[in-house]
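# Structural overview
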Amino acid sequence: MSVFSSKNLKKTATRPEFYVFLIIILLSMMIQAKSGLFFSNNNIVDLLRSMTVPLIYAICAYLGFISTGPDVSFPLIAALSGYLATEFVFQTGYSGPIVVVFLVAIFFGLLMGAINGFIIAKYNFPSLIVTLGTTSIFSGILLGVFEAGRIKLPSSMIEFGQQSLITVTNAKTGLGSSLPVTFLIAVGLYLITYLILNYTMAGRGVFAVGGDATSAERAGFNVKRTRFGVFTISGGLAAIAGVCYSVESTYFLPTEFAGKEMIVIAAVILGGTRLMGGVGTLTGCVLGTLLLTIVTNSLILIGVPIYWQKFIIGAIIIIGTAVSVIQVYNLKGLKGTRRKKMGVA
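Residues numbered from 1 in each chain as written. Predicted model: local features only at pLDDT ≥ 70, side-chain atom pairs only at ≥ 80, totals over all residues. Heavy atoms only, no water.

Moving on, we come to helix 8 (residues 182-199). End to end, helix 8 covers 26 Å across 18 residues, agreeing with the expected 26 Å (1.5 Å per residue, within 8%). Along helix 8, the residues that are buried comprise Thr 182, Phe 183, Ala 186, Leu 189, Tyr 190, Thr 193 and Leu 197. Projected down its long axis, helix 8 carries its buried residues within an arc of 125°, all on one side. Facing away from the buried surface of helix 8 by more than 90 degrees, the exposed residues are Leu 184 and Tyr 199. (Helix = DSSP H or I, 4+ residues; strand = E, 2+ residues; numbered from the N terminus. Expected span 1.5 Å × (residues − 1). Buried < 20%, exposed > 50% of the residue type's maximum accessible area, 1.4 Å probe, protein only. Arc of directions from axis to C-beta.)

This is the structure in C-alpha cells:
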C-alpha cells in the first residue's frame, strides 16, 4: 500500500499541474501576508467572477491544442456572435428566456467555427495560420460591415447578467462582490467537456488525432471529421463566452474582446497542455487560468503596478512555453534511448 502511494505521489509530482498548484499556493500566501486581503470573501468571489469567461476561452484553446494546434480566433468569434445575438434581441424585440439569445449566438459561433474546421481539415492547413486569417475576417465584419460600437444591452439581457449566485460584503473594507449565474455556465461547460473527452470514444479520438494523426487514422478514427468537429464546437463555446462577457458588463464592447487569446493560450500551456498536441488536462487548464487570473487581478492588492503585472505575465508565458518544449525534447530523448536499448535503428 505504501509503495502504491509512493508511486502515485511520485507520478503526481512530475505533472505540470502539480507545479502550477504549488505556485498558486505560494503566490496566494505571499499576497495574503502582504495585504491581508487575498483570502477575504469579496476577493475570492471576484477571482471566481473574473475566471468565468477566461475558463470558457481556455476550453476552446485546449480543444484546439490537443487535436490540431493553436486556435486564436475564439475571442473574435465570441465578439461577432455576441453582437449578432444582441442585434437579434434589438431587431425582434425579443424579451423571453435568455436561452434563446444563447442559442442564436451559438448558431453563429458554430458557423464560424465550421469555417475554421473546414479549411483546416479539408486542406490540412496549419490551424494557427487559418485562425489568424479568420480572426481578421471576423474583425472586419464586426467593425467594418456592421460598424459595431459600444452598445447598451437590452433590459432582458441586463437582468440576466445581474442575477447572482452569491453576494458577499467584506466587513473590514465594506467592499461588496457578487458571483453571477454565468459562472455556473462555465462550470457546466467544463464538466460536459471533461466527461466527453474522458469517457467517450469521440473524446479518445480527439487525443488520438492530436497525438499522431496517421496512427489515429489506422485505428479507425476519421481525422478530418474529428478536426472539423472540434473547431466547430469550439466556435459554439466561444459564442457562449461572448454572451456571458456582454451580460456581465451590461454593455457590448467590441474592442474588449481582441487580445485575450495570448493570455488564455499561456494559461493552457502552463497547465501542461503540450504544444505538439495529444497531451493535456482540463484540470491543468483551470489551474493555469486561475494562476493568470490571480496575477492580473490580485497583485494590485500588494501595490504591484500594471506594467509589472504585464512583465510577470510575459515571464510566465516564456517559462511555461519553455517547460512544455523541454518536456517534448525529454520525451523524444527517452524514446530514443529505449529504441537503442532494444536494438532498433
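Picking up where we left off.
Attention shifts here to the nonpolar core. In terms of nonpolar packing, the biggest core is built from 63 residues, with Ile 56, Tyr 57, Tyr 62, Leu 142, Met 157, Leu 197 and Phe 252 touching the most fellow members. Sort the elements by how many residues they give to this core and helix 3 (residues 41-67) lands first, with 12 residues. (Core = buried A, V, L, I, M, F, W, Y, C linked by side-chain atoms within 4.5 Å.)

The next thing to look at is the pairing of strand 2 (residues 164-169). Regular strands show a simple pattern: their side chains alternate between the two faces of the sheet. The pairing of strand 2 with strand 3 (residues 176-180) spans 5 bridges and is classified as antiparallel. Directly across from Ile 166, in strand 3, lies its bridge partner Leu 179. Between strand 2 and the antiparallel strand that follows it, strand 3, lie 6 residues; Gly 174 among them carries a positive phi value of about 80°. (Pairing = 2+ DSSP bridges.)

Here we come to the packing of helix 4 (residues 74-92) against helix 11 (residues 223-249). Packing of helix 4 against helix 11 leaves a shortest axis separation of 7 Å and a crossing angle of 60°. Considering their axes alone, helix 4 and helix 11 lie oblique with respect to each other. Crossing of helix 4 over helix 11 shows right-handed handedness. Here Phe 74, Ile 77, Ala 78, Ser 81 and Gly 82 of helix 4 lie close against helix 11, whose contacting residues are Gly 235, Ala 238, Ala 239, Gly 242 and Val 243. Within the contact of helix 4 with helix 11, the residues separate by chemical class into 6 nonpolar, 4 polar and no charged. (Axes fitted to C-alpha atoms, helices over the stretch in contact; angles between N-to-C directions. Parallel < 35°, antiparallel > 145°, perpendicular 65-115°, else oblique. Left-handed = near helix turned anticlockwise from the far one by under 90°. Contact = heavy atoms within 4.5 Å. Nonpolar A, V, L, I, M, F, W, Y, C, P; charged D, E, K, R; others polar.)

So, on to the packing of aromatic side chains. Taken as a whole, this structure holds 15 aromatic pairs when the rule is applied. Here the aromatic rings of Tyr 190 and Tyr 194 are separated by 6.2 Å at their centres, their planes lie at 25°, and the arrangement is stacked. In this pair, Tyr 190 and Tyr 194 are both assigned in helix 8, 4 residues apart and thus about one turn of the helix distant. Since its relative accessible area comes to 30%, Tyr 194 is described here as partly exposed. Cluster of aromatic residues (ring-pair linked, three or more members): Tyr 83, Phe 146, Tyr 245, Phe 252 and Phe 257. For Arg 150, the ring lying beneath its charged end belongs to Tyr 251, and the centroid distance is 3.9 Å. (Phe/Tyr/Trp six-rings, centres within 6.5 Å; stacked < 30°, edge-to-face > 60°. Lys NZ or Arg CZ within 6 Å of the ring centre and 35° of its normal.)

Let us look at the side chain of Glu 261. Within the secondary structure layout, Glu 261 lies in helix 12 (residues 261-270). Of the side chains with opposite charge, Lys 260 lies nearest to the buried Glu 261, which makes no salt bridge, at 9.0 Å. Those residues in contact with Glu 261, other than ones at most four positions away along the chain, are Val 72, Phe 74 and Pro 75. (Lys, Arg positive; Asp, Glu negative; His and termini not counted. Salt bridge = Lys/Arg side-chain N within 4 Å of Asp/Glu carboxyl O.)

On the surface, a cluster of nonpolar side chains totalling about 700 Å² of accessible area is made up of Tyr 19, Phe 21, Leu 22, Ile 25, Met 29, Phe 39, Ile 44 and Leu 48. Here Phe 21 shows up in helix 2 (residues 16-35). (Patch = residues over 30% accessible without salt bridge, like charges linked within 9 Å, V, L, I, M, F, W, Y side chains within 5 Å. Areas by Shrake-Rupley, 256 points an atom, 1.4 Å probe, with all protein chains shown as cover.)

A separate point is the side chain of Thr 131. Inspection of the secondary structure assignment puts Thr 131 in helix 6 (residues 127-145). Judged by relative accessible area, Thr 131 falls into the buried class, the value being 0%. Of the polar contacts made by the side chain of Thr 131, one reaches the backbone oxygen of Ser 127; its length is 2.7 Å. Here Thr 131 is in contact with Pro 70, Asp 71, Val 72, Ser 73, Asn 116 and Phe 231, once residues within four sequence places are set aside. (Polar contact = N/O pair within 3.5 Å; in protein donor to acceptor, adjacent residues only side chain to side chain.)

To continue, consider helix 13 (residues 282-298). Under the 1.5 Å per step criterion, the end-to-end length of helix 13 is 23 Å for 17 residues, consistent within 8% with the ideal 24 Å. With 12 of its 17 residues buried, helix 13 lies for the most part within the structure. Regarding helix 13, the residues found buried are Leu 282, Gly 284, Cys 285, Leu 287, Gly 288, Thr 289, Leu 291, Leu 292, Thr 293, Ile 294, Val 295 and Ser 298.

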